[in-house]
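# Secondary and tertiary structure notes
Each chain, written out:
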Amino acid sequence: MSSIPSSLGPRLESAAASDDSIQRVHAGLLGQKPEPEPGGYALAPLALLGLMSALILGCCIFFVRNRGGFDPLVYNGRIDPKSAANTSAALTPEKIIANGKAIYGLSCIQCHGPEGKGQPSLFPPLAGSDWANGSEDRVIRILLHGLKDPIKVKTVDSTLDFASSNKMPSLLAPPYGYSDAKISFVLTYVRQAFGNNAPPITAEKVTAVREEIAAHKGEFTQADLLAVP
Amino acid sequence: MSASKPSSPVLPVAEAADIDAAVRLPVLVLLAFAILWLLTASALGLVAAIKLTRPDFLASCEWLTFGRVYPAALNALAYGWGVSAGLAVALWLMARLSRAVLPGGGLLVVAAVCWNVGVKLGILGILAGWSNSVPWLEMPRQVMPFLLVAYVCMAAWVVGALRAGSSPRLYVSQWWVLAALFWLPWLLTAAGAMLFFAPVRGTVQSVVAAWYAHGLLALWFAPLGLGLVYYLLPKLLGKPIRAYYLAPFGFWFYALFSAWAGAARLADGPVPAWTQAAGAIASFMLLLPVAVIAVNLFGSFLGGGLAALGRGVVLRFAAVAALFFVLSTLLYVAMALPGVAAITRLTWFAAASDYAVIYGVFSFAVFGAVYYLAPRLVGREWPFASLIRAHFWLALAGLVLAGVSLSLGGLQQGRELTNAKIPFADVTQHTLPYLQAATLAGALLLLGHLAFAVNFVKLVLCPRHRAASAAAPVPASLLAAPELELEVHAS
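Quantities reported herein were computed from a predicted structural model and do not represent experimental measurements.

Helix and strand counts for chain B stand at 16 helices and zero strands. Taking 23 Å as the expected radius of gyration for a compact globule of 491 residues, we find that chain B reaches 22 Å, a close match to that expectation. Summarising its shape, the C-alpha atoms of chain B cover approximately 75 × 60 × 45 Å along the three principal directions. With 491 residues in all, chain B has 61% of them scored as buried. Considering only contacts in chain B between residues 6 or more positions apart, those separated by 24 or more positions represent 82%. Total accessible area computed for chain B in this model is approximately 18,300 Å², and 71% of it derives from carbon and sulfur atoms. Distance from the positive charge centre (27 side chains) to the negative charge centre (14 side chains) of chain B: 5 Å.

Moving on, we come to the overall build of chain A. Helix and strand counts for chain A come out as nine helices and two strands. Here the C-alpha atoms of chain A give a radius of gyration of 37 Å, more than 25% beyond the 17 Å that 2.2 N^0.38 yields for 229 residues. Relative to its 229 residues, chain A shows a buried fraction of 37%. For chain A, the accessible surface area stands at approximately 12,600 Å², while carbon and sulfur atoms represent 60% of it. Of the side-chain charges in chain A, 21 are positive and 21 negative, and the distance between the mean point of each set is 3 Å.

In this section: the interface of chain A and chain B. Interfaces are frequently sized by the accessible area removed from exposure as the parts join. Residue-level contacts link 50 residues of chain A with 70 residues of chain B. Buried surface at the junction of chain A and chain B, summed over both partners, amounts to about 5,400 Å²; 68% is from carbon and sulfur atoms. Per-residue buried area on chain A facing chain B is highest for Arg-11, Glu-13 and Gln-23 of chain A; these three make up 16% of the total on that side. Counting across the interface, chain A meets chain B through four salt bridges. Ionic pairing is found between Glu-381 of chain B and Arg-11 of chain A, a salt bridge with its closest N-O pair at 3.2 Å. Connecting chain A to chain B are 20 residue pairs in polar contact (both at pLDDT 80 or more). Sorting the residues of the side of chain A that touches chain B by element identifies helix H1 (19–30) and helix H2 (43–66) of chain A as the ones contributing at least two each.

Right, let's get into the confidence of the model for chain B. Predicted coordinates in regions of low pLDDT should not be interpreted in detail. Residues and elements named next belong to chain B. Of the residues in chain B, 91% reach a pLDDT of 70 or more, and the chain-wide mean stands at 88. When the criterion is pLDDT under 50, residues 1–14 qualifies, and its contacts beyond four places in sequence or with other chains add up to 14 contacts. Note that residues 465–472 has pLDDT below 50 and, in this model, twelve contacts with residues that lie over four places away or in other chains. This complex was scored by the predictor with a pTM of 0.77 and an ipTM of 0.84.

Before going further, it helps to examine the packing of helix H6 (residues 136–145) of chain A against helix H8 (residues 203–212) of chain A. Residue and element names in this part refer to chain A. Remark: H6 packs on H8, axes separated minimally by 10 Å, with the N-to-C direction vectors making an angle of 70°. Considering their axes alone, H6 and H8 lie roughly perpendicular with respect to each other. Every pair of crossing elements has a handedness; the one defined by H6 and H8 is right-handed. Between H6, through Glu-136, Asp-137, Ile-140, Arg-141 and Leu-144, and H8, the contact on the second element is made entirely by Lys-205, Val-206, Val-209, Arg-210 and Glu-212. Taken together, the residues of the contact of H6 with H8 sort by class into four nonpolar, no polar and six charged.

So, how was this worked out
- Residues numbered from 1 in each chain as written.
- Chains lettered and ligands numbered in written order.
- Predicted model: local features only at pLDDT ≥ 70, side-chain atom pairs only at ≥ 80, totals over all residues.
- Heavy atoms only, no water.
- Helix = DSSP H or I, 4+ residues; strand = E, 2+ residues; numbered from the N terminus.
- Rg over C-alpha atoms; globule rule 2.2 N^0.38 Å.
- Buried < 20%, exposed > 50% of the residue type's maximum accessible area, 1.4 Å probe, protein only.
- Contact = heavy atoms within 4.5 Å.
- Areas by Shrake-Rupley, 256 points an atom, 1.4 Å probe, with all protein chains shown as cover.
- Lys, Arg positive; Asp, Glu negative; His and termini not counted.
- Charge placed at Lys NZ, Arg CZ, Asp CG, Glu CD.
- Buried area = accessible area lost by both parts, 1.4 Å probe.
- Salt bridge = Lys/Arg side-chain N within 4 Å of Asp/Glu carboxyl O.
- Polar contact = N/O pair within 3.5 Å; in protein donor to acceptor, adjacent residues only side chain to side chain.
- pLDDT = per-residue confidence, 0-100.
- Axes fitted to C-alpha atoms, helices over the stretch in contact; angles between N-to-C directions.
- Parallel < 35°, antiparallel > 145°, perpendicular 65-115°, else oblique.
- Left-handed = near helix turned anticlockwise from the far one by under 90°.
- Nonpolar A, V, L, I, M, F, W, Y, C, P; charged D, E, K, R; others polar.

In structure tokens, the structure reads:
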């Protein structure tokens, strides 16, 4: 660089190149191919391409893991709203009722009806029923192992007797095979729908009762149930 | 500049002189305003810094409470100094590189005065207590349309210089400057409309505010600084930019990702997780343009360039600006990592990286450019070489001291804030030493700016300084710039 004039000092810095030559030289450089290494390839573009690929891959992984399901209400990227809905930790009362209603519509509605009124002399009503609104231990037992033989049901305005011909199946057994949590959901729903107003039932309570009656075989009878508080 | 009529057959000398003469008045007026604002901002910033450690300082004055004086300092720095100085050097650079002899600089001066009146009203509005609560946009909304019109009138001249110029080629500096000129009004209008004139609802406001704050730094200050550095390095070193064919990639990748990176400022904030994640990955992708720009700029110093740093102050300013561009972008990338963001958000660490852009990148590049261009515009040498050196070392010391103390203080603050066992009052107490160091840095910066201002005023106003010796106009032969040589490659 012999062309650089000696510096004029900080009071007037000397230029080492004219504007025109800067533009002319760089316009030439823009189209110039990168300088090849001894092996015959250019290192800089390859390294840049490698960096770009690595960055794009890393960013994709990061984004997928932190996207929060694209849910506008999820502020923490580590939470996936879909899987969070199925764990009891994230359950709200609304979700419990919604889950219970879905199960009721799937497995109970055929006999007990959309309004929980049952069918006269065939299936007992749930709306206003003293059983449905009564002891937790008894309703849990009915759902876990089923019910057979005659039963007397009191509703708000009448007392009904049902014959023994219709059995209520166990919801633990196939084809239902419900978990304790799901049984608690549907029980909570039934106890709070159709004008009922009984406290909710937790999955832990269902588990406790199931373990208590593990030795019992077959459906319960009215007498069995009345022996339980 | 009639003294430097074409004295040699090499055309550029005379041409450069004509170009400089055409933009002399507007550039000097803008620079004078800018330097006044720089002093104002430094003084206000120093008051704010002192108040952080000594709350009883000036406590009786309502206009100087911390909540007013701190945003006033930031806005004076960003709009008073930043935009005025940015437009001044952009105008000069664009006229030089486009080889445009601009007519009618008088209108530009009117627009410059309007801009500065607008900023003054805005700063007074902040001090009077009418500020907005949006960071970097605290000026009362009423001055914003006024500012925008004044800005467009000024920026139109710079764009006009490109259109009117006779240069057949574009240089990388022109891309950066031109892009920044368009990005700022885009940011201002979009943020102003969505925050003040037709406010969007809910958390979208915080997204817009973060986008604006990051855009102002990354799409106005940083690009202007880069444009200047890209020009000053070959200009003073006499060597082309290394791996120049990569420069377009650097520009486009930076433009693409910087606009998105603002959302990373909202890490763990009350905005949808995917927005935060998008901002974070945009910040990570910035590593790509930063790598390109680092190769371009630092590559120029390879092979003897480092020795040149000892010779010229302009080159030193430019080198610091290049260094801080890389450093500040790496800080933004680091702060986008969730683990780091959990500590650094809402601390002085985040503020330190913003100062690194506005001061380390932009202001240093502008200082360097002004030290190069002002004697050529005026036709005289700088009066005091010692003040130039003093300015550089004071500014560098202030920048490094403020950066280091606020970063370390911010890290400690963030670590303690996440520990519920440490009372909040203790956290505040523990950051005090760092803030005191930052106050000292503010004083150093103010001193440096005073040296700059004294030198500038003497250069412009006193034609006969040191009348006995070399006060005569610069002979044109000294300003003649040699031709840049194309680097010869092995192939």
